[in-house]
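Coordinates in review
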Amino acid sequence: MTTTADEGLTLPEYRDNPFIAKLPPPMSTHDALLAMAAPPVFNAAERDYPAHLRAHCISRLKGYFEPLETHLSLEAKFGLLIRQGYLCRNPTTADYTRRVREGATRVFEKDLMAGGRSVRSTASSFALIGCSGIGKSYGMARILELYPQKIHHAEPRSLDQVVWLKLDSPHKGSPKQLCISFFRSMDDLLGTRYSAQFGSSRRSVDEMMVHMAHVANLHALGVLIVDEIQHIREAPGTGAEALLNFLVTLVNTIGIPVILIGTMGALPLLQGDFRQARRASGLGSLVWERMENEPTWNYFVERMWAYQWTREISPLTDEVRQVLYEESQGIVDVLINLFMMAQLRAIQLGVLNRRPERIDAGLLRQVASEHMRLIAPMINALKRGDREAIAQYDDIRPMQDHVLQVFSDALSCMPGQPVLATRSPVASVTTEKAASTHLDVRGILLPILAQLGLAGDIAEILVAEAEAEHPGLSALDLVGIITAKLRDRAPANSSKKPRKSATSATKTAKTPLPVDAQDLRTIISAKKEGVSAYDALLAAGAVKPPMADLAS
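Residues numbered from 1 in each chain as written. Predicted model: local features only at pLDDT ≥ 70, side-chain atom pairs only at ≥ 80, totals over all residues. Heavy atoms only, no water.

Some words on the sheet that holds strand β7 (residues 286–288)
Backbone hydrogen bonds hold the strands of a sheet together, and the pairing may be parallel or antiparallel. Note the threshold: Paired strands, in this sense, are two strands between which DSSP finds at least two bridges. Working definition: helices are DSSP H or I runs of at least four residues, strands are E runs of at least two. Numbering for both runs from the N terminus. Lines fitted to C-alpha atoms define the axes, with helix axes restricted to the stretch in contact, and inter-axis angles between N-to-C directions lie between 0 and 180 degrees. Whether two residues touch is decided by their heavy atoms; if any such pair falls within 4.5 Å, the residues are in contact.
The strand order β4-β5-β6-β1-β7 describes an open sheet built from five strands, whose pairing is parallel. Strands at the two margins of the open sheet, each flanked by one partner only, are β4 (164–168) and β7. Taking each pair of neighbouring strands and ignoring which way they run, the sheet shows an average axis angle of 15°. Two elements, strand β1 (residues 125–130) and strand β6 (residues 258–262), share five bridges in a ladder whose sense is parallel. If you follow L128 over to β6, its bridge partner there is I261. In the packing of helix α7 (residues 136–144) onto the sheet, contacts are made with β1, β4, β5 (223–227), β6 and β7, and the angle to β6 comes to roughly 145°.

Structural data, given as structure tokens:
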């Protein structure tokens, strides 16, 4: 760090304010870049680790953070916001004493607007809006880590200064729930009992707001961050308006800076009351669009691409760059997840079929097709540039859970022993045959077919049929045979069930079918010679032809 504490205290408006003096000095862009970066732990020697351990190494990318220009701009804006907010709250001045007395008057009269405004406010606020997964919350978290959350002062007044407090917006936009969350967070940080004193459900919303403002004033709260602000759209009645008005009051009357963070779904809210407040956009609101396929995007991709745990280092070609952008649409979180799962798939292919562990455009497209169906509507909306459709997809959290599940399933299928480069050809053949036994193949294939949407009993039948028709093939080749068979099926008459089987043609139309006529075992055993089990199931309507689309 090249910035010293003395250099950070040379500004006259900051020098004599204890609330500002004990903050870290303002950072240069270079220092902020170094401080905010969170690269994953990486050692090139780990590429020689066993497959199951390398899968754990890949998961380190979940915490990867590479500061970009937008994050550095946010850090600078945050540093200015918090210091400017403290200018009018200097504990060494008489103005601060009057401010505390005004807070006590509001509590006594149970009116947030009571007590007048004898002291001006220097606080500002801004909103940070962007697409899910673009890095808003994580970027803010990295910035908050640069500041202590609590600072104790012994003089000129004995108090615990709360530098920042981050809350999640209540799901139904309830101001009361926000207040309760505030009191609980303050209790956790300070060891107080504000929640028991002021957070009782018996208290009115107005009374809670008054106490929340007073507590924030007593502890010199530097900035209040409210995340997931789009949740207040669901507030009944005037709940959303009441919550936004309260936050505006914190800025204008109490003098506490407020930062709102939300997805594109919050734009209609913030373009109304909050933005029209006198200081609501004091430092300007930020709208983070998805990244364009430009130098900044290429910079991030190049930095990320260095963290490969595959045995073979794959080059970053122009085709790979293009596929990465097409499948992620400039969303950093989606890009990282895609890179993680592509590495995992390359390692799986190396274990199952002794193929080179290489990441190329074809593998990236395959991984995106199989594992990113959850967010496909959102990605398609981004490709179309449909902002209204994008606003409907406020959360891609299910994608994160899905990635973790994919890694968990893969680890359960990977062998626990390393594949040694010095192993003899005879030993390699023996090991490969052992890994291709009926039990191992089923353990590998069934989870894969389940991800394609096939029911468990259907998947078992297809695996058994493929093994019988092609004995000795590896699990990977069998997957190719099964998916090719699904892809090539024509869905023409699949929706209609046969009216009668050949053996029941002589019976009347009203004769009921046997109870077990639709049992899968009955269908398979009754199939004609030369007809595969899959064809019999398709003809009986037991297999849904749309699976062909998922496999393509």
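There is more to say, and it comes next.
Concerning the packing of helix α6 (residues 94–109) against helix α10 (residues 205–218)
Which entries qualify depends on this criterion: Oblique is the label for any angle not under 35 degrees, not over 145, and not in the 65 to 115 range, which are roughly parallel, roughly antiparallel and roughly perpendicular in turn. Take the far helix as the reference: if the near one is turned anticlockwise from it by less than a right angle, the crossing is left-handed, and if turned clockwise, right-handed. Throughout, the ten residues Ala, Val, Leu, Ile, Met, Phe, Trp, Tyr, Cys and Pro are labelled nonpolar, Asp, Glu, Lys and Arg are labelled charged, and all others, Gly among them, are labelled polar.
It is at 9 Å that the axes of α6 and α10 come closest, and there the two elements cross at 160°. As judged from the angle between their axes, α6 and α10 are roughly antiparallel. As for how α6 packs across α10, the hand of that crossing is left-handed. From α6, Y96, R99, V100, G103, A104, R106 and V107 reach across to α10, where they touch V210, H211, H214, N217 and L218. Here the contact of α6 with α10 is built from residues that sort into six nonpolar, four polar and two charged.

Remarks on the packing of aromatic side chains
What counts is decided by this rule: Each aromatic pair joins two rings of Phe, Tyr and Trp (for Trp, the six-membered one) with centres within 6.5 Å, and gets the label stacked for planes under 30 degrees apart, edge-to-face for over 60, and tilted for any other angle. Under the scheme applied here, a residue whose accessible area is under 20% of the maximum for its type counts as buried, over 50% as exposed, and between as partly exposed, the area being computed with a 1.4 Å probe on protein chains only. A ring is considered to have a charge above it if a Lys NZ or an Arg CZ atom is located within 6 Å of its centre and within 35 degrees of its normal.
Counting across every chain of the model gives 13 aromatic pairs. Where Y64 meets Y307, the ring centres are 5.5 Å apart and the plane angle is 65°; that geometry is what we call edge-to-face. Of this pair, Y64 sits in the loop between α4 (51–58) and α5 (69–86) while Y307 sits in the loop between α13 (295–305) and α14 (318–328), and the two are 243 residues apart along the sequence. Looking at Y64, the relative accessible area reads 3%, which means it is buried. Ring geometry for W297 and Y325: centres 5.1 Å apart, planes at 90°, overall edge-to-face. Of this pair, W297 sits in helix α13 while Y325 sits in helix α14, and the two are 28 residues apart along the sequence. A relative accessible area of 1% means that W297 is categorised as buried. Taking the ring centre of F126 as reference, the NZ or CZ of K77 above it sits at 5.7 Å.

Quick notes on the side chain of H219
Here is the rule we go by: N or O atoms closer than or at 3.5 Å make up a polar contact, with two conditions inside protein: a donor-capable atom paired with an acceptor-capable one, and, for residues adjacent in sequence, both atoms drawn from side chains.
Following the sequence through the fold, H219 ends up in the loop between α10 and β5. In this structure H219 comes out as buried when scored by relative accessible area, which is 11%. A polar contact of 3.0 Å, which involves the side chain of H219, links it to the backbone oxygen of D160. In terms of polar contacts, H219 uses its side chain to reach the side chain of Y194, at 2.7 Å.

Quick notes on the side chain of E327
Considering the arrangement of structural elements, one finds E327 in helix α14. Apart from the residues within four sequence positions on either side, E327 is in contact with V334, L338, R365, A368, M372 and I379.

Examining the nonpolar core
As a reminder of what qualifies: We define a nonpolar core as any set of buried Ala, Val, Leu, Ile, Met, Phe, Trp, Tyr and Cys residues linked to one another through side-chain atoms lying within 4.5 Å.
In terms of nonpolar packing, the biggest core is built from 44 residues, with L61, F300, L324, I336 and L364 touching the most fellow members. Counting only elements with at least two residues in this core, the list comes to α4, α13, α14, α15 (332–353), α16 (361–371) and α17 (376–384). At 13 residues, α15 tops the list of elements feeding residues into this core. L165, Y194, V226 and L267 belong to the second largest nonpolar core, which has 43 residues in total.

Comments concerning the packing of α13 against α14
α14 packs onto α13 with a crossing angle of 105° between their chain directions and a minimal axis gap of 11 Å. As summarised for this structure, α13 and α14 are arranged roughly perpendicular, according to the angle between their axes. Of α14, the residues touching α13 (which contributes W297, N298, V301, E302 and W305) are V320, R321, L324, Y325 and S328. Looking at the contact of α13 with α14 residue by residue, the classes come out as six nonpolar, two polar and two charged.

Brief notes about unusual backbone geometry
For the peptide bond that leads from E155 to P156, omega is 0°, which places it in the cis range. In the Ramachandran plot, Q329 falls in the positive-phi region, its phi being about 55° despite a non-glycine side chain. With respect to the helices and strands, Q329 occurs in the loop between α14 and α15.

Re α6
For clarity, the cut-off: What a helix is expected to span follows from its residue count: subtract one and scale by 1.5 Å. Comment: arc refers to directions from the helix axis out to C-beta atoms.
Over its 16 residues, α6 runs 23 Å from end to end, which matches the ideal 22 Å to within 8%, given 1.5 Å per residue. Every buried residue belonging to α6 is among Y96, R99, E102, G103 and R106, and all of these are buried. Each buried residue of α6 sits inside an arc of 115° when the element is viewed along its axis, so together they form one side. Of the residues in α6, the exposed ones pointing more than 90 degrees away from the buried face are R101 and F108. Immediately downstream of α6, the backbone of K110 shows phi near 55°, a positive value.

As for the pattern of salt bridges
Any two side chains of opposite charge can pair, on the condition that their charged atoms come close. Under the convention used in this document: When a carboxyl oxygen of Asp or Glu lies within 4 Å of a side-chain nitrogen of Lys or Arg, that pair is called a salt bridge.
Under the counting rule described, the total for this entry stands at twelve salt bridges. A salt bridge links E207 to R203, with the shortest nitrogen-to-oxygen separation between them at 2.4 Å. Residues joined by salt bridges that share partners form a network here, namely K166, D168 and D227.

Purely spatial values, then, with no claim about function.
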